[in-house]
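# Breakdown of the fold
Single-letter residue listing:
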Amino acid sequence: MLARCCAQWQHARVVRAARTLATISQRVPDKDCTSITPNYAQLIERAARAKRVLGGRPLALAEKILFSHLNDIEDCLEGAGRVRGETYLRLNPTRVAMQDASAHLQFMTCGMDATAVPSSIHCDHLIQAVQGAGPDLQKSIVTNKEVFDFLQSAAAKYGIEFWGPGSGIIHQIVLENYAAPGMLMLGTDSHTPNAGGLGLLAIGVGGADAVDAMSGTPWELKAPAIIGVKLTGQLSGWTTAKDLILHLAGRLTVRGGTGHIIEYFGPSVADQSCTGLATVCNMGAEVGATTSVFPYTAAMRSYLQATRRGPVAAAADEAAARGFLQADEGVEYDQVIEINLSELEPTLNGPFTPDLATPISAFGEVVREKGWKDEITAALIGSCTNSSYEDMTRAAELARQAKEAGLEVKVPFLCTPGSEQIRATMERDGVISTLQDVGAVVLANACGPCIGQWKREVPSDENGAETILTFSRNFKGRNDGSIKTMNFLASPTVVTAMAFSGKLSFDPTKDGIPTKDGKEFRFSPPAGEKLPSAGFALGNPDYYPTPVPKPRPEVEVIIAPDSTRLERLEPFESLFAHRGELSGLKVLMRVRGKCTTDHISAAGPWLKYKGHLSNISQNLLITAVNDEGGDINVAFDPDHSPGARDTIPSVAQRFKARNRHWALIVDENYGEGSAREHAALQPRFYNAAVIIGRSFARIHETNLKKQGLLPLWFVDKADYTRIGSSDTIETLNLQDAFNGKLDTPIRIRILKHGTSESFEVLTRHTLSSDQVRWLEAGSALNAIKAARSRA
């Protein structure tokens, strides 16, 4: 059966590679919306019940969606008090979207024959940008055959919809095919909130969280506080929805949204396109928000109809008329931010962090003040943030203007369509040819450079190589592997204009570009098309899976024992089964400053090992800075030999070989960025037990708990500097948490290395009673299996 299953996939992928650059002309069929239309009558009734339990107070839209998906409304909300920021919600998401292998491998350990909710798997991370769409896709299909075959056969076995390589980026596919106003879904990527542009709550999680929903286990989330963002005024000229979220990121910073949902409202919401709203929701992840959401609008209806989901639009219209898809009048937000869109201007964020925002009118002066070279070395548009038809037609309009003036791009200009549907529509409408006519290279429908899949010859320059791109993240080394590359985030319109100028200081709102005849050319602001006038083209039909396929339990999923790409996950043993104290924990290192999931588990070429924990663990913290000395990828191991220093993975491996459990000391917002679950799996694999930090990013903190690790927060953040490499740690009252005293701070005793000095510090935790059981079991997966065995 596996041979026949993979043979079908082999044939399909050959066809796909051959047809990638050819749009197939045919009638585009309507979608079967049965599995994607929410049961609005039930959701409305449940939201009303929740409101009654809470005494009739006005509800935010986010609360209506969350509370209508509660596993037990009365049990959760009766007597709960404020709820926001305090109550753990046990929720029943209605859909899951996954990337690549890690969630699959974990679900396979649950002993189930099928998923409890509709699920999909998307192969968008393993296509490296080198030459262009066709050759890059073909090479990926060959070099990643083992992984793609595994994912396709596992999807077939469990009844999961499979979107193969080249079909598109997960978040664009979800927006086009699965998202529906008012639903609650999970995705194993931090930019899952992209779907909030269609009025739903889409939350990024780790693979173990996804397994909760896929196994029918209520998924737990501490009720977020809610930031209300009121939009007034109008976007105009060069200003786009991307500039709105870049501006907001500058105001909130990368930590300002942590523990919050961002809910937009106000008179100007209705003026925005659906894909523009999706861009805003997508980058809410960059401020740490749990997710972002907009109320239902006419633009959402138009987008649903354009993407052949008319029945969903009709049902949503009725639900909106009954008040479900917007906040109640008089709702109180925990914080309100008002943004006048008329006052916004194009914004550039960076380098090295997505919240360092500078209006374009001031950016040229910043370039001069910082002494940066006034040039860019590459311009990129696309990624899950800005790869819609609207984004691409804006770029094409600028390309047409430039061509008429006799201009071509001065730097490599890479364009990534978000999906096969977008690519096919671009090709039909001449957008691709327009971009290529001025020197652009169109990449495969995949994440590509945004996730580090970019084979780029990085210029050798001590001052770095500036790159302008429209992506959502610009951490050091993320896109091209070079920590010297200075990446800036901007809208597709600004990026496209800069590709023709070649200057970092170029301001298309006022600056001109010399032409060959000695004149000066100036761009006019592009309008673009919110939706294609001729409708969306289907493209290659082989990319589209059968909706909600039936499981095929006879399909065998084979992982070769000598594979370097795939490895079955073995259950972790519990460090807390004794429900007592931890002792003798060595401190591996004290991590300095920003430490994203990219620092903990690097992407780029390492992504090929996402299905093999032993191999990918060899990149543990390789770009992290040791606060004791300031070196990158250096840890100390005096137990190995006096003064011994080595790479961080090497020291962690030696700790594991000695059966030594260890702790890590970390700085603010540890684990921000991607939902990359390996950033929790890898330290657990190497015997980490506790991570103590000044603060944690939401997804990563949950991922640590899911894998049986204990994250603790310093009560006094100054204590971070008191603990160093090779110090020994023990807990003094951890058993209080296991005995139900969840509000009690955890006392930690530290014995300084090489001395008799010891002292205590106070920490706190965010464990719920369910999460305590994860620790006792060794992981959340172990707890699920134990519960199923008792049932």
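Parameters and conventions
Residues numbered from 1 in each chain as written. Predicted model: local features only at pLDDT ≥ 70, side-chain atom pairs only at ≥ 80, totals over all residues. Heavy atoms only, no water. Helix = DSSP H or I, 4+ residues; strand = E, 2+ residues; numbered from the N terminus. Rg over C-alpha atoms; globule rule 2.2 N^0.38 Å. Contact = heavy atoms within 4.5 Å. Buried < 20%, exposed > 50% of the residue type's maximum accessible area, 1.4 Å probe, protein only. Polar contact = N/O pair within 3.5 Å; in protein donor to acceptor, adjacent residues only side chain to side chain. Core = buried A, V, L, I, M, F, W, Y, C linked by side-chain atoms within 4.5 Å. Axes fitted to C-alpha atoms, helices over the stretch in contact; angles between N-to-C directions. Parallel < 35°, antiparallel > 145°, perpendicular 65-115°, else oblique. Nonpolar A, V, L, I, M, F, W, Y, C, P; charged D, E, K, R; others polar. Pairing = 2+ DSSP bridges. Salt bridge = Lys/Arg side-chain N within 4 Å of Asp/Glu carboxyl O. Right-handed = clockwise from strand over helix to strand, strands pointing away.

## A short note on the overall build of the chain
Within the chain one finds 26 helices and 29 strands. Against the compact-globule benchmark of 28 Å for 791 residues, the chain has a radius of gyration of 25 Å, which places it among compact chains. Taking the principal axes of its C-alpha atoms as reference, the chain extends roughly 80 × 60 × 60 Å. Summarising the internal contacts of the chain: among those between residues at least 6 apart in sequence, 76% fall at separations of at least 24.

## A short note on the side chain of Thr731
Examined against the element boundaries, Thr731 turns out to sit in strand E27 (residues 728-731). The exposure class of Thr731 is buried, given its relative accessible area of 4%. Here the side chain of Thr731 touches Glu581 through a polar contact of 2.6 Å, side chain to side chain. Contacts of Thr731, omitting those with residues within four sequence positions, involve Glu581, Leu582, Arg747 and Ile748.

## Quick notes on the nonpolar core
Grouped together as the largest cluster of nonpolar side chains are 182 residues, with contacts concentrated most on Phe67, Tyr264 and Leu435. Beyond its immediate chain neighbours, meaning those up to four positions away, Leu435 contacts Ala395, Ala396, Ala399, Phe413, Cys415, Met426 and Ala440. Counting residues in each nonpolar core, the second largest holds 31 residues, with Leu588, Val651, Leu664 and Leu709 among its members.

## So, the packing of helix H25 (residues 769-777) against helix H26 (residues 780-790)
In contact at an axis separation of 7 Å, H25 and H26 are set at 95 degrees when each is read in the N-to-C sense. As far as their axial angle goes, H26 and H25 are roughly perpendicular. Note on element contacts: H26 touches H25 through Ala780, Asn782 and Ala783, opposite Arg773, Trp774 and Ala777. Considering only residue class, the contact of H25 with H26 consists of 4 nonpolar, 1 polar and 1 charged.

## Quick notes on the pairing of strand E21 (residues 585-590)
Moving residue by residue along a regular strand, the side chains alternate between the two faces of the sheet. Burial of E21 is extensive: 6 of the 6 residues sit out of reach of the surface. The pairing of E21 with E27 spans 2 bridges and is classified as antiparallel. When the sheet's bridge partners are listed, Leu585 is paired in E27 with Ile729. Relative to strand E24 (residues 662-666), E21 is paired through 3 bridges, and the arrangement is parallel. In the strand pairing of E24, Lys586 is matched with Trp662.

## A few points about unusual backbone geometry
A cis amide bond links Gly350 with the next residue in sequence, Pro351, at an omega value of 5 degrees. The residue Pro351 is located in the loop between strand E12 (347-349) and strand E13 (357-359) in this model. One non-glycine residue, Ser383, adopts positive backbone phi at about 70 degrees. Overall, the relative accessible area of 2% leaves Ser383 in the buried class. For Asn687, which is not a glycine, the phi torsion comes out positive at approximately 85 degrees. Its place among the elements puts Asn687 in the loop between helix H22 (678-685) and strand E25 (688-693). Look at Asn687 and you get buried, because its relative accessible area is 13%.

## Thoughts on the pattern of salt bridges
Going through the model one piece at a time under the given rule, you end up with 44 salt bridges. Where Arg49 meets Glu45, a salt bridge forms, and the shortest distance between an N and an O atom there is 3.9 Å. Taken together, the residues Arg49 and Glu45, both in helix H2 (residues 40-53) and 4 residues apart, mark about one turn of the helix. Take Arg49: its relative accessible area is 21%, and that puts it in the partly exposed class. Owing to a relative accessible area of 38%, Glu45 belongs among the partly exposed residues under this scheme. Taking the shortest distance from any N to any O, the salt bridge between Lys586 and Asp639 comes out at 3.8 Å.

## So, the pairing of E25
Of all 6 residues that make up E25, 6 are buried, and the element is covered over most of its length. Of the strand pairs in this sheet, E24 and E25 are connected by 5 bridges, and their pairing is parallel. Looking at E25, one finds that Ala663 is bridged to Val690. Crossover connection from E24 via H22 to parallel E25: handedness right-handed. Pairing between E25 and strand E26 (residues 710-714): 4 bridges, direction parallel.

No statement about biological role is implied by the geometric values presented.
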